Structures are given as structure tokens and as C-alpha cells.
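Here is how the chains run, residue by residue.
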Amino acid sequence: MRARRLALALTAVAALTLGACSGGDDGAGSGGSDGATAGGGSGEKIRIGIKFDQPGLGYQDGSDYTGFDVDVATYVAGKLGYEPDQIEWVQAPSAQRETMLQNGQVDMIFATYSITDKRKEVVAFAGPYFVAGQDLLVAADDDSISGPEDLEGKNLCSVTGSTSAQRIKDEYATGTNLLEQPGYGECVTALVAGTVDAVTTDDIILAGLASLPANEGKVKVVGNPFSEEKYGVGLPKDNDVCADVNSAIEAMIEDGSWQKALDDNVGASGYEPNDSLNPPTVEACA
């Protein structure tokens, strides 16, 4: 255990050195490098990348961090020997995740991070700890949409730069009218207002949005996923903790903590994950 903690501590030290050299060209880790100390006080820190803007998954509210990704990360860190107050949460925007792992800015990432062969060329993955799928969010009283093929002639919202909505237009309903918004929150606002008929992205992200008190009872996840996204724990390519992270994920599933975390964070939406894929089976470290 000490060897593993030492390895992570050395990663954190490397992050400090690189952070000092790079000057920090992005918003990740807005708390500044002085917060990432190793071996000080009650013990070294572990830096974990999450999303800060995904309700139900990874969400920052002042000094509080909540969501399914946060709960899984906290559990895994505990199995690695870290108390919650030894975790430093770092913002991990999608486009910067590989760079953050390669540069040692974080020790691991839990941020709706899909395992792909292309990404595995530059980073490593433990997990998956969840298998999501592209789905649709619609008005709670709308029974006319049960899948992407029902969007012909309807208005569909997704975020700028996402390929999710275009995929529906290309593969399922060519007559779909696409609306792009800066974030999914704006898409849900448009849905509630009746400006669009549906919102699309991964099902658990939609469930997190539907679980917000302001949206409860107004929207629902269709529950007919049409893709498969394995959410993994991003790790540096050269690491010695992947097997331990996998063991922690398996323990979380076995002792019921995984299901509790899911219920606590997205249960209010009524969402139920694909039970043929969840809870997931972790894959061998490579």
C-alpha cells in the first residue's frame, strides 16, 4: 500500500513541477498548484479530475463536489488509502483529459470518460465503472418519442461541437431539425419551454439533468439507448495502480455502494441503466 501511495505522491510532485513550468494554460485545477501538496500534514494528496458542470455526475457547488463520478472516485481513493480530505478535485474538460494525464496534472480521471482504442494509445484505463448509451430526454408527458427514428420533423437540441445530434440526423431521421446550445442546461431549458422536442447525449448525463429539483417531473429519459459508452478511470500510461482501481470498482459493486451512489445521484429522474450492461464487468488492464 505504501508503495502505491508513494507512486501517486511522486505523480503529484511531478504535477507541481510541470504546473510551475507550464504556467497553466487552461481552467483545470482552478484552485492553483499550491493546493496539490504531497506528503504534508496528515499525508499526501491525490489529484482526481472530474467534470465540474455535470449535475448528477461531477458538479461543483462552492467547495462541495457531488455526483456519481465523485462518489465512485471517493470510494476508489479510499481503497487506495486516501481519506476524502486528501482528495484534490481538479476540473477536467473533455478536450484536455489526455493532456492532463500525460503532463501529470492529475493522478486519475473520473469524468464520463469513454474507453476507446484511440485514447488507449496515449493513456491507460481501469474499469469500466459504468456503461452509458446515447439516449433522448423528452417532456414528461410526451409519449410520441420512443427512439431516434421518431425525431423526423422534430426539433432536437445538443451542445455545440457534439456529434450526438448530427448522428441522429445522419443515421436515424434525416428530417430532424438541429439546435445547438452552449451547454446541456440550456438545452433542457429549451425543452421545458417547448422550443425543442428532445435533447440528446449519454443517458446518465440526461438522468443527472432530469434529477435537478427544477426539472423533476417536467422531463424524462426515454430509456432506449442506441450506443454503448464504457466509462473508464483515466490513468497515466505508465502506472502501477490499474489493478487496484479495478479491484476497488469490483468491491464497490459487490458491497452495494455502486447502486447506492447511482440511486442517490440520478434516482430522482426515474432513470434505470441498461441492466444487460450494468453493473459493468471490469476489463483487464493493458
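Going along each chain's sequence as written, the residues are numbered from 1 onward. The predicted nature of this model means local features are confined to residues of pLDDT at least 70 and side-chain atom pairs, given and counted, to a pLDDT of 80 or more, with totals for whole chains, interfaces and linings taken over all residues. For the side-chain quantities, the full set of heavy atoms in the structure was used; hydrogens and water were omitted.

A. Region of the structure containing the nonpolar core. Residue types Ala, Val, Leu, Ile, Met, Phe, Trp, Tyr and Cys, when buried and joined through side-chain atoms within 4.5 Å, form a set referred to as a nonpolar core. Using a 1.4 Å probe on the protein chains alone, a residue whose accessible area is under 20% of its type maximum counts as buried, one over 50% counts as exposed, and one in between counts as partly exposed. Core analysis: the biggest nonpolar cluster contains 56 residues, and Ile48, Phe68, Met108, Phe130 and Ile204 have the highest contact counts within it. If one sorts the elements of this core by residue count, helix 2 (residues 68-79) sits on top with seven residues. Throughout, a residue-residue contact means that at least one pair of heavy atoms, one from each residue, lies within 4.5 Å. Leave out the neighbours within four places in its chain, and Phe130 touches Phe68, Asp203, Ile204, Glu229, Lys230, Tyr231, Trp258, Leu262, Tyr271, Pro273, Asn278 and Pro280. Formed by eleven residues, the second largest nonpolar core is a distinct cluster that contains Met100, Val106, Ile109 and Tyr113. Secondary structure elements are defined from DSSP: runs of H or I of at least 4 residues count as helices, runs of E of at least 2 residues count as strands, and each element is numbered from the N terminus.

B. Just the state of the cysteines, in detail. Two cysteine sulfurs form what is called a disulfide whenever their separation falls within 2.5 Å. Per the stated rule, a full pass over the model turns up two disulfides. One disulfide in the model links Cys157 with Cys187; its S-S distance is 2.0 Å. Handedness here is read from the sign of the S-S torsion; for Cys157 and Cys187, about -70°, the answer is left-handed. With Cys157 in strand 9 (residues 155-159) and Cys187 in helix 5 (residues 184-193), this pair connects stretches of sequence that are 30 residues apart. In this structure, Cys157 and Cys187 share a single accessibility class: buried. Here Cys242 connects covalently by a disulfide to Cys285, the sulfurs 2.0 Å from one another.

C. Up close: the packing of aromatic side chains. Here the aromatic set is Phe, Tyr and Trp, taking the six-membered ring for Trp, and pairing holds for ring centres within 6.5 Å; pairs whose planes are under 30 degrees apart are stacked, those over 60 apart are edge-to-face, and all others are tilted. All chains considered together, the criterion is met by ten aromatic pairs. Centre to centre, the rings of Tyr65 and Trp89 are 6.2 Å apart; their planes meet at 40°, and the pair counts as tilted. With a gap of 24 residues between them, Tyr65 in strand 4 (residues 64-66) and Trp89 in strand 5 (residues 87-91) connect regions that are remote in the sequence. Judged by its relative accessible area of 25%, Tyr65 is partly exposed. Ring plane angle 80° and centroid distance 6.1 Å describe the contact between Phe68 and Trp258, whose orientation is recorded as edge-to-face. Here Trp258 lies in helix 8 (residues 257-266) and Phe68 lies in helix 2, a separation of 190 residues in the sequence. Grouping aromatic residues by their ring pairs yields a cluster made of Phe68, Phe110, Tyr129, Phe130, Tyr231 and Trp258.

What is shown is where atoms sit, not what they do.
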